[in-house]
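Listed below are the residues making up each chain.
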Protein chains: 4
Amino acid sequence: MAGNSFGKIFTITTFGESHGEAIGGIIDGCPAGLALDFDAIEAEMQRRKPGQSAIVTQRKEPDSVKFLSGIFEGTTTGTPIGFVIENTNQKSNDYSHIKDTYRPSHADFTYDKKYGNRDYRGGGRSSARETACRVVAGAIAKQLLSEIKITAYVSGVGPLQLDKKHQVLQFDTIEDNPVRCPDPEMAVSMENYIKDIRKQGDTVGGVVSCVIKNVPIGLGEPVFDKLHAALGQAMLSINAVKGFEYGSGFSGTKMKGSEHNDVFNPDGSTQTNFSGGVQGGISNGEDIYFNVAFKPVATLMQKQPTITSEGEQVEMQGKGRHDPCVVPRAVPIVEAMAALVLADFWLLNKISKLSSE
Amino acid sequence: MAGNSFGKIFTITTFGESHGEAIGGIIDGCPAGLALDFDAIEAEMQRRKPGQSAIVTQRKEPDSVKFLSGIFEGTTTGTPIGFVIENTNQKSNDYSHIKDTYRPSHADFTYDKKYGNRDYRGGGRSSARETACRVVAGAIAKQLLSEIKITAYVSGVGPLQLDKKHQVLQFDTIEDNPVRCPDPEMAVSMENYIKDIRKQGDTVGGVVSCVIKNVPIGLGEPVFDKLHAALGQAMLSINAVKGFEYGSGFSGTKMKGSEHNDVFNPDGSTQTNFSGGVQGGISNGEDIYFNVAFKPVATLMQKQPTITSEGEQVEMQGKGRHDPCVVPRAVPIVEAMAALVLADFWLLNKISKLSSE
Amino acid sequence: MAGNSFGKIFTITTFGESHGEAIGGIIDGCPAGLALDFDAIEAEMQRRKPGQSAIVTQRKEPDSVKFLSGIFEGTTTGTPIGFVIENTNQKSNDYSHIKDTYRPSHADFTYDKKYGNRDYRGGGRSSARETACRVVAGAIAKQLLSEIKITAYVSGVGPLQLDKKHQVLQFDTIEDNPVRCPDPEMAVSMENYIKDIRKQGDTVGGVVSCVIKNVPIGLGEPVFDKLHAALGQAMLSINAVKGFEYGSGFSGTKMKGSEHNDVFNPDGSTQTNFSGGVQGGISNGEDIYFNVAFKPVATLMQKQPTITSEGEQVEMQGKGRHDPCVVPRAVPIVEAMAALVLADFWLLNKISKLSSE
Amino acid sequence: MAGNSFGKIFTITTFGESHGEAIGGIIDGCPAGLALDFDAIEAEMQRRKPGQSAIVTQRKEPDSVKFLSGIFEGTTTGTPIGFVIENTNQKSNDYSHIKDTYRPSHADFTYDKKYGNRDYRGGGRSSARETACRVVAGAIAKQLLSEIKITAYVSGVGPLQLDKKHQVLQFDTIEDNPVRCPDPEMAVSMENYIKDIRKQGDTVGGVVSCVIKNVPIGLGEPVFDKLHAALGQAMLSINAVKGFEYGSGFSGTKMKGSEHNDVFNPDGSTQTNFSGGVQGGISNGEDIYFNVAFKPVATLMQKQPTITSEGEQVEMQGKGRHDPCVVPRAVPIVEAMAALVLADFWLLNKISKLSSE
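Residues numbered from 1 in each chain as written. Chains lettered and ligands numbered in written order. Predicted model: local features only at pLDDT ≥ 70, side-chain atom pairs only at ≥ 80, totals over all residues.

Taking an unreviewed UniProt entry as the reference, chain A is identified by name as Chorismate synthase belonging to Jejudonia soesokkakensis. In its Catalytic activity (unreviewed entry) section, the UniProt entry covering chain A states "5-O-(1-carboxyvinyl)-3-phosphoshikimate = chorismate + phosphate". In UniProt, chain A has this text filed under Subunit (unreviewed entry): "Homotetramer." (UniProt positions renumbered as here; feature names shortened; annotations may be inferred.)

See the structure below:
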């Protein structure tokens, strides 16, 4: 398969460029009989869409999803769920200045070389607009996994790093601030930092963390499709992501085994959960938690040197309406991708042993 | 597909438990006409095998691979390459003490719960012994990609972190020291550190870094199968891995866009390569580099509390011969998985545009 | 993967029910750089659509395809090609009489039992309307394979069987008659036969044959994905198909080896081609030819007994506008599925050996 | 994936050439907890192996399977089941005469052209020896599907065609005669016919029919992975198969809808089952039945003209020990492939709707 499908059983295939008529996708493998909450789907779309607050891009995209199949009288039928999201605000003229120019740290150069032919308007297929389709599919996956609770949040913006353990964070405050940081004080600092960056015409990176609670034991298909490996691929497939770590992550590399081993409680839970809820690639029922690194947005409202497709050196400056920091809007995307991974493994796990029939 | 296959075109499917009669695999999709260098394959196996030095496990495993098909007169035929590696040193009696006990931070608990039935001897399928099969397949992938140079090395052992850029490291010294660290001074420190840890009956984590040179432009299949996402999944599927970052990675999250953007040189290369050789999920021809986090080995030569399958609290202590630090032996495994990812995308890229026919 | 995707490299995923707002699909893996002839795509759609002649259903469906992505300035970009076809003529009220009734030899009963929930309007997902999406994808595959010539035609309608070899048929007359039979005399007989059947309110089965010329040597991926096995699956996946045979087919079972073996000419071609252009699952460069059996259309304009979902026995009679014989409209569908199979193997074959790079 | 894997959930990947050291495979996705009956597996191998009777090849191949993983204390563990079958009777010298010669209607020519490099000994990968691996996997699939009864038998040998309905055949006599025909009188005729053909140094084709009873309702994944389409691909992937038809098959094309439609009984069964147990690609609980066409064996014990790889015309004659008619030994292979298809869909169907959890 070419690279626009994700999942083995609960699958999503997406299509669409940022400035085509529409983007969309097909969800195949969603079990029949799931009564959908369309408001909940729309709410996820609203969390991702531009223009929500002063610290994200001011583009106006209604991002309303239209379902075309696979649902009858509000309930999934087991047939593929096709959907489209119109690109109502295409403004293609904004992009003529990049037709022959490769924007630094964008995908213009690589798409051009790989395919020899690209839709240069707004990044085309490489635009993060495509993630709207992931949010649609993820919102349905979340409903399938109603007992599982997936919560992502911003834990880092540039130098500002939230180093508290997730257990002490106020998850119910996440949607109360535009940064989506579950520590109200830090949220204000981050918001001010982003505003400052935007004034400079600059951008900044950040970290999205995610905690998944109530995961059934047994999700994951070793040896290659370990649960954390699939989560890693899912997160790394999101635009601008540079790294993924779960459980003790990179800091665990500095520890000794005698510190790092998770001592069992009699009920099978552990005292420390450095494993991050996954052992041997299979969920153990404890909280899954991981961090996702996002680089600074590449489009700057500053002049920067670059080259044309002919290798000529030119100066360019971003136009239009771009995010100074991508992490607040990435929160629902991280949750969506986590939900897609879990839905796939949740279904597969139902057929992993005979007694589970 | 269940989770024991990797790759879409150049695929490897593995089987085998640590204490069964043999492990092995099938490589399907290797093009016909590749004249194999069997000594080079054996050399990779030697790099991974136990007992190479004083700082790794002293188990004796000859780890000799026997090819059963797909090769005729030394050259691949385009048919599947089946191979087996015998487990000559099974010593199953070593493991009776863990039959009903869940070792902390191992996969005993999760395999038992998921499958309801497991080969408890030495971790069974969850043992890192399985990675020997990956090294076989990776060694063939390396030969397919003869122009590409993949070099992994140890860049961290516990608190000892090599923070030099890869450009200044002495790659030709990697195999000269048992740690596989390309900085001779640091190598000695790391070796001493590991010896010390071993004396304590303890273990320690570490970091393997990898640099890939001479990668053709165009490898990667967005939007889900981005090159770095596939590399991430590949690395995270290796036993004991907790994290993956490429290019600027987690440290890039703290940077501003104006610092992080890679300014192009006229020839399309960049001045900084924070992108890590991948833009928009597609290789851009520059060095690919990434870090892989390994947790401390979970088997300790110390007493530690744990539970039985009945939830009873007991004490246990590792027996047998185990690695105090896994990263030196992980170096060839990281390279092998990188080679498998690249081989897959290298083949796919040949059919990505019409002019490439 | 769930069952709505076809192909490994050149893939099509479809969605849509007969009476939803739209049907559509995503083509992923089409190489970049293919300049599309949209008129040719539209022409294939016209060949499949209802209402073309007096012997097919008189439903009016404009069946115009709208491409939403993957094409820029008329040329494929290597990104997924999303498309939709609106259902302009839904007339859902026609179907209230079958809401709780299982039509004989339709999929109502099995969809209801499998999924517990179905869109009963016009067969929903089980309607042959879905094949319009296959024709779109097949039309693009045909353009990719411009050197290969795929020709399907009607060779049987009920008892009327065309037993001439394809070499003596007048392929240029196929589109001149509503039956799509390349023997003008037989075409008239078949047309009259179908008209007669329609007057009776009855339906009839038939056979579509297909000949593929100029196939490169080497297409097919044994041992499971033999070229003819993939063609067989493709054809059997078309609505109403009951059988597939290629080359000598079922009649070859009655022959002796001494009669059936294809004696080679010095150039590698054969004197008899009972192999049907495929040996060992791989194309040998000779004409591929095969037959596809279609059952009679299940919807009759006669009263027939059936049951409700409660098991109550009732009488029902087809309403609306249905085909008395499906084979004339199946001709472009058979060609489309053949093109999809060939496109997939044509791409795969480019990476089957090193010298083909 | 390259073409040596079959199935999506319950998968088999095979390797091996007829004259290598061993053939084998990996079964991945078999649920844990299946207590295996190894005698039953061996019995299936015995049904397929050469030398069983006077009418099949007299080659001696013990065909004993050695399981290497995935089974612990006789029960599947959910990890991949690796197995090998040694080629004890390689006699490679028998094949030097075909090194540079293309045998008519074999795969020598196409493998040579596709791969540019082949193991010419005994057909190499294209040999039907590979089907031994399918029988192993199929035997395990049969045990997984213990409630389903799959029975294949010979219904045609050359001109001798068994035209009785399967309901009146004596299935308990199938293994009592070397032809595996469930009509004792016809079995004698067929046996004599084959003996006569063998005396002539000739071969003959035939038909294997298969009946599957007690199939749960709901197996099959439309629109592409319809149950009968997957069965068709499975059967067509067996060596020497030229056609597949199910239910009314090709003869159904001559019928009218009013004759062909299966009238429901109140319990959902039908009076005629022309549908062959499958409607809309999904099993309906009635008997599945289908026919598989096998061409005459291509290796003759007669002289026949052919060409060398240089295009030179030469005469050749088969050496060694070959079957005059393949269908008796194909019976267990047809059953094995049917079992593999059903196992896959049986598992998938468990996750097709929410209420099936």
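Now that the structure has been shown, the text picks up again.
### Here's the deal with the nonpolar core
A:Leu340, B:Leu340, C:Leu340, D:Val334 and D:Leu340 are the most contacted members of the largest nonpolar core, which totals 426 residues. Those residues in contact with C:Leu340 that lie beyond four places of it in its chain are C:Phe6, C:Gly7, C:Phe10, C:Ile12, C:Ala137, C:Gly138, C:Ala141 and C:Ala234. (Core = buried A, V, L, I, M, F, W, Y, C linked by C-beta atoms within 7 Å. Buried ≥ 20, exposed ≤ 12 C-beta atoms within 10 Å, placed from the backbone. Contact = placed C-beta atoms within 7 Å.)

### Thoughts on the interface of chain C and chain B
Where interface size is given, it is often the accessible area lost as the parts come together that is meant. Taken residue by residue, the interface counts 14 residues in chain C and 14 residues in chain B. Partitioning the side of chain C that touches chain B into residue classes produces 7 nonpolar, 4 polar and 3 charged. (Nonpolar A, V, L, I, M, F, W, Y, C, P; charged D, E, K, R; others polar.)

### Notes on the relation of the copies chain C and chain B
Superposing chain C onto chain B takes a rotation of 180° combined with a translation of 0.0 Å along the rotation axis, leaving an RMSD of 0.0 Å. Taken together, the rotation and translation relating the two chain copies correspond to the operation of a two-fold axis. Interface overlap between copies: 100% of the residues of chain C at the interface are likewise at the interface in chain B, consistent with a symmetric, same-surface contact. (Least-squares fit on C-alpha atoms with pLDDT ≥ 70 in both.)

### Things to note about the pairing of strand 17 (residues 313–317) of chain A
Both strand 16 (residues 303–308) of chain A and strand 17 of chain A contribute to a ladder of 5 bridges, which runs antiparallel. In the strand pairing of strand 17 of chain A, A:Ile307 is matched with A:Gln313. (Pairing = 2+ DSSP bridges. Helix = DSSP H or I, 4+ residues; strand = E, 2+ residues; numbered from the N terminus.)

### Thoughts on helix 4 (residues 184–199) of chain D
All names here are of chain D. Taking 1.5 Å of rise per residue, the 16 residues of helix 4 would be expected to cover 22 Å, and the 23 Å separating its terminal C-alpha atoms lies within 8% of that figure. Listing the buried residues of helix 4 in full gives Met-186, Ala-187, Met-190, Glu-191, Tyr-193, Ile-194 and Ile-197. Down the axis of helix 4, the smallest arc covering the buried residues is 165°, so these residues share one side. The outward face of helix 4, more than 90 degrees from its buried face, is lined by the exposed residues Pro-184, Glu-185 and Lys-199. Note on helix 4: the residue one or two positions beyond its end, Gly-201, has a positive phi of about 70°. (Expected span 1.5 Å × (residues − 1). Arc of directions from axis to C-beta.)

### Section: the UniProt feature "binding site: NADP(+)" (unreviewed entry) in chain A
Residue and element names in this part refer to chain A. Sites flagged by UniProt as "binding site: NADP(+)" (unreviewed entry) map to Arg-48. Turning to its location among the elements, Arg-48 is positioned in helix 1 (residues 38–48). Among the residues examined, Arg-48 registers 26 C-beta atoms within 10 Å and is labelled buried. Excluding anything up to four places from it in sequence, Arg-48 contacts Thr-131, Ala-132, Val-135, Arg-329, Pro-332 and Ile-333.

### Looking at the sheet that holds strand 15 (residues 288–294) of chain D
One open sheet holds the 10 strands; their spatial order is 10(C)-9(C)-11(C)-15(C)-12(C)-12(D)-15(D)-11(D)-9(D)-10(D), and the pairing between them is antiparallel. Two strands close off the open sheet at either side, each with one partner strand: strand 10 (160–161) of chain C together with strand 10 (160–161) of chain D. Pairing between strand 9 (residues 149–157) of chain D and strand 11 (residues 206–213) of chain D: 8 bridges, direction antiparallel. Each residue of the ladder has a partner; that of D:Ile150, found in strand 11 of chain D, is D:Ile212.

### What about the sheet that holds strand 16 of chain A?
Judged by pairing direction, the sheet is antiparallel, and its 3 strands sit side by side in the order 8-16-17 (chain A) without closing on themselves. Looking at the sheet topology across the chains shown, the edges are occupied by strand 8 (101–102) and strand 17 of chain A.

### Concerning the relation of the copies chain A and chain B
When chain A is fitted onto chain B, the two copies agree to an RMSD of 0.0 Å after a turn of 180° and an axial shift of 0.0 Å. A shared binding surface is used by both copies, with 100% of the interface residues of chain A retained as interface residues in chain B.

### A few points about the packing of helix 1 (residues 38–48) of chain B against helix 3 (residues 131–144) of chain B
Residues and elements named next belong to chain B. For the pair helix 1 and helix 3, the least separation of the axes is 9 Å and the interaxial angle reads 140°. The angle between helix 1 and helix 3 falls in the class oblique. The two elements helix 1 and helix 3 cross, and the hand of that crossing is right-handed. Contacts between helix 1 and helix 3 involve Ala-40, Ile-41, Glu-44, Met-45 and Arg-48 from the first element and Thr-131, Ala-132, Val-135, Val-136, Gly-138, Ala-139, Ile-140 and Gln-143 from the second. Considering only residue class, the contact of helix 1 with helix 3 consists of 8 nonpolar, 3 polar and 2 charged. (Axes fitted to C-alpha atoms, helices over the stretch in contact; angles between N-to-C directions. Parallel < 35°, antiparallel > 145°, perpendicular 65-115°, else oblique. Left-handed = near helix turned anticlockwise from the far one by under 90°.)

### Quick word on the pairing of strand 3 (residues 22–28) of chain C
Residue and element names in this part refer to chain C. The buried fraction of strand 3 is high, at 6 of 7 residues. Of the strand pairs in this sheet, strand 2 (residues 11–15) and strand 3 are connected by 5 bridges, and their pairing is antiparallel. Across the sheet, the residue bridging to Thr-11 is Asp-28, located in strand 3. Between the end of strand 2 and the start of strand 3, which pair antiparallel, lie 6 residues, with Gly-16 showing a positive phi angle near 120°. The sheet contact formed by strand 3 and strand 7 (residues 81–86) spans 6 bridges and is antiparallel. Across the sheet, Gly-24 pairs through a bridge with Val-84, a residue of strand 7.

### Digging into the UniProt feature "binding site: FMN" (unreviewed entry) in chain A
All names here are of chain A. Here, UniProt's "binding site: FMN" (unreviewed entry) annotation points to Arg-125, Ser-126, Ser-127, Asn-239, Ala-240, Gly-280, Lys-295, Pro-296, Val-297, Ala-298, Thr-299 and Arg-321. What stands out for the annotated residues spanning 197 residues is how far apart their C-alpha atoms range, the widest pair being 44.2 Å apart. Within the secondary structure layout, Ser-127 lies in the loop between helix 2 (108–115) and helix 3 (131–144). Excluding residues within four positions of it along the chain, Ser-127 makes contact with Ser-18 and Gly-122.

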